[in-house]
Each structure stands twice: as C-alpha cells, then as structure tokens.
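# Observations on the three-dimensional arrangement
One letter stands for each residue in the lines below.
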Amino acid sequence: MNNNNVKLVELNAENWYECCVLDLSKEQTDFIEPNAISIAQSKFEPTLKPYAIYFEENIVGFLMFNSVTEELDGYWVYRIMVDKHFQGKGIGKAATELMISEVAKLPNAKKIVVGYHPENKGAHYLYASLGFIDNGDRFGKEMAVIRYINE
C-alpha cells in the first residue's frame with residue numbers, strides 16, 4: 001500500500017466525532033485510552049496536536065503528539081490507533097511516517113519518543129519497523145522508544 005491513500009487531517013468540527021467512535025480490537029483496549037479522552041485532553045493542553053487518520057476518504061484512525069519537548073528531550077507521541085476493521089493494511093505505519101515528517105518541522109526536532117505497554121506487541125513491531133530504538137527508558141508501566149530525526 002502506498003502512502004498516497006493515507007493522510008493526516010487536523011482534528012476539526014467535521015471529523016472529531018468519527019474519531020470518538022473508532023474501535024480497537026479486544027486485545028488492544030487494555031493498552032490505549034479511548035480517543036474521546038485524548039481529544040478532551042487536547043482541549044486542556046493546547047500543545048497537544050490531534051489528527052484524524054484518513055484512508056482514501058474514510059476516517060480510520062487517530063493520532064496525537066505534543067508540539068513541545070518533554071522527557072528525554074524529545075517530542076512525545078501520545079496516541080496512534082487504527083480502527084480494528086482497517087488494521088493490517090499498513091495504514092498505521094504510513095500515518096506514523098507522515099507524523100514523523102510533521103514532528104521533524106518543529107523547533108529543534110532531534111527525537112520523537114513514544115511510550116507503550118511492553119505487552120503491546122502491535123506497537124512494538126510498528127515502532128521497531130520505523131527505526132524507533134529501545135534504550136531501556138521506562139516510565140511507570142510503559143517502555144519508551146526513541147526515533148532519532150536526521151538533522
């Protein structure tokens with residue numbers, strides 16, 4: 001699948017509700033907060049940037065990252081999810097690549113960091129395939145992996 005079918009659109013009045021009703025598979029619901037919670041959080045933390053993930057003309061996923069650096073001196077990814085009906089098509093990977101391009105435009109962008117539960121195998125394979133490295137950083141129950149951005 002090529003990236004041309006996948007695009008990121010900033011969350012807006014037209015697409016936020018569809019993001020709230022996207023579904024995860026049963027195994028994933030233990031690992032990821034509902035999108036509605038992430039969207040609410042973005043209203044109180046204005047540096048968080050929520051996006052709808054489109055595949056062709058359908059909203060199939062949601063992602064959110066922080067536009068200011070945090071721990072490990074990196075920009076943190078808060079959420080990436082793809083609806084269970086659209087998983088396994090490379091959409092998550094394509095959307096993550098698009099997000100990396102967005103984050104790379106931010107000031108002093110050297111690192112992107114994402115935290116996830118060590119048992120979340122889908123996240124593990126996705127981030128490893130995109131060059132995220134585990135340096136052993138841990139925050140509570142989550143492991144944090146880092147993608148270095150070429151300067």
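Check the entry above for the structure.
Below you will find a few notes about this structure. Residue positions within a chain follow its written sequence, with the count starting from 1. In keeping with the predicted nature of the model, local features appear solely for residues at pLDDT of at least 70, side-chain atom pairs appear and are counted solely at 80 or more, and the whole-chain, interface and lining totals rest on all residues. Calculation of side-chain values draws on the structure's entire complement of heavy atoms; hydrogens and water are dropped beforehand.

Attention now moves to the sheet that holds strand β4 (residues 75–82). Spatially, the seven strands line up as an open sheet ordered β1-β2-β3-β4-β5-β7-β6, and their pairing is mixed. One side of each edge strand has no neighbouring strand; the edge strands of this open sheet are β1 (6–10) and β6 (133–139). Across the sheet, the axes of successive neighbouring strands diverge by a mean angle of 30°, strand direction being ignored. Inspection of the sheet shows strand β3 (residues 58–69) paired to β4 by six bridges, in the antiparallel sense. Each bridged residue has a counterpart across the sheet, and for F62 the counterpart in β4 is M81. For two strands to pair, DSSP has to find at least two bridges joining them. A run of H or I in DSSP counts as a helix once it spans at least four residues, and a run of E counts as a strand once it spans at least two, with each numbered from the N terminus. Axis geometry follows a simple rule: fit a line to the C-alpha atoms, using only the stretch in contact for helices, then measure angles between N-to-C directions, giving values from 0 to 180 degrees.

Before going further, it helps to examine the environment of N66. Relative to the helices and strands, N66 resides in strand β3. The buried label goes to any residue with under 20% of its type's maximum accessible area, the exposed label to any with over 50%, and the partly exposed label to all in between, with areas taken from a 1.4 Å probe on protein chains only. Overall, N66 belongs to the buried group, its relative accessible area being 4%. As a C-alpha pair, N66 and R79 span 13 residues in sequence and 10.0 Å in three-dimensional space. Pairs of residues are marked as contacts when any of their non-hydrogen atoms sit within 4.5 Å. If we skip the residues at most four places from it in the chain, N66 touches T47, L48, Y75, W76, Y78 and L106. Within 3.5 Å is the distance limit for a polar contact, defined as a pair of N or O atoms, with the added protein rule that one can donate a hydrogen and the other accept it, and that residues adjacent in sequence qualify only through two side-chain atoms. Here E70 takes part through its side chain, which lies 3.1 Å from a polar atom of the side chain of N66.

To estimate the expected span of a helix, subtract one from its residue number and multiply by 1.5 Å. Given a rise of 1.5 Å per residue, 14 residues ought to cover 20 Å, and the 20 Å separating the end C-alpha atoms of helix α4 (residues 91–104) matches this to within 8%. Within the span of α4, buried status applies to I91, G92, A94, A95, T96, M99, I100 and V103.

This next bit is on unusual backbone geometry. Of note, the phi angle at L72 is positive, near 65°, even though the residue is not glycine. Note on placement: L72 falls in the loop between β3 and β4. The phi angle at D73 is positive, at roughly 60°, despite the residue not being glycine. By the secondary structure assignment, D73 is in the loop between β3 and β4. Residue D73 is classed as exposed on the basis of its relative accessible area, which comes to 53%.

Between Lys or Arg on one side and Asp or Glu on the other, a salt bridge is scored when a side-chain nitrogen of the former is within 4 Å of a carboxyl oxygen of the latter. By the definition in use, this model includes two salt bridges. With its nearest N and O atoms 3.0 Å apart, the salt bridge here joins K105 to E102. Residue classification places K105 among the exposed positions, given a relative accessible area of 63%. We note a salt bridge from R138 to D134, for which the minimum N-O separation is 3.1 Å.

Limitation: the analysis is restricted to geometry and does not speak to function.
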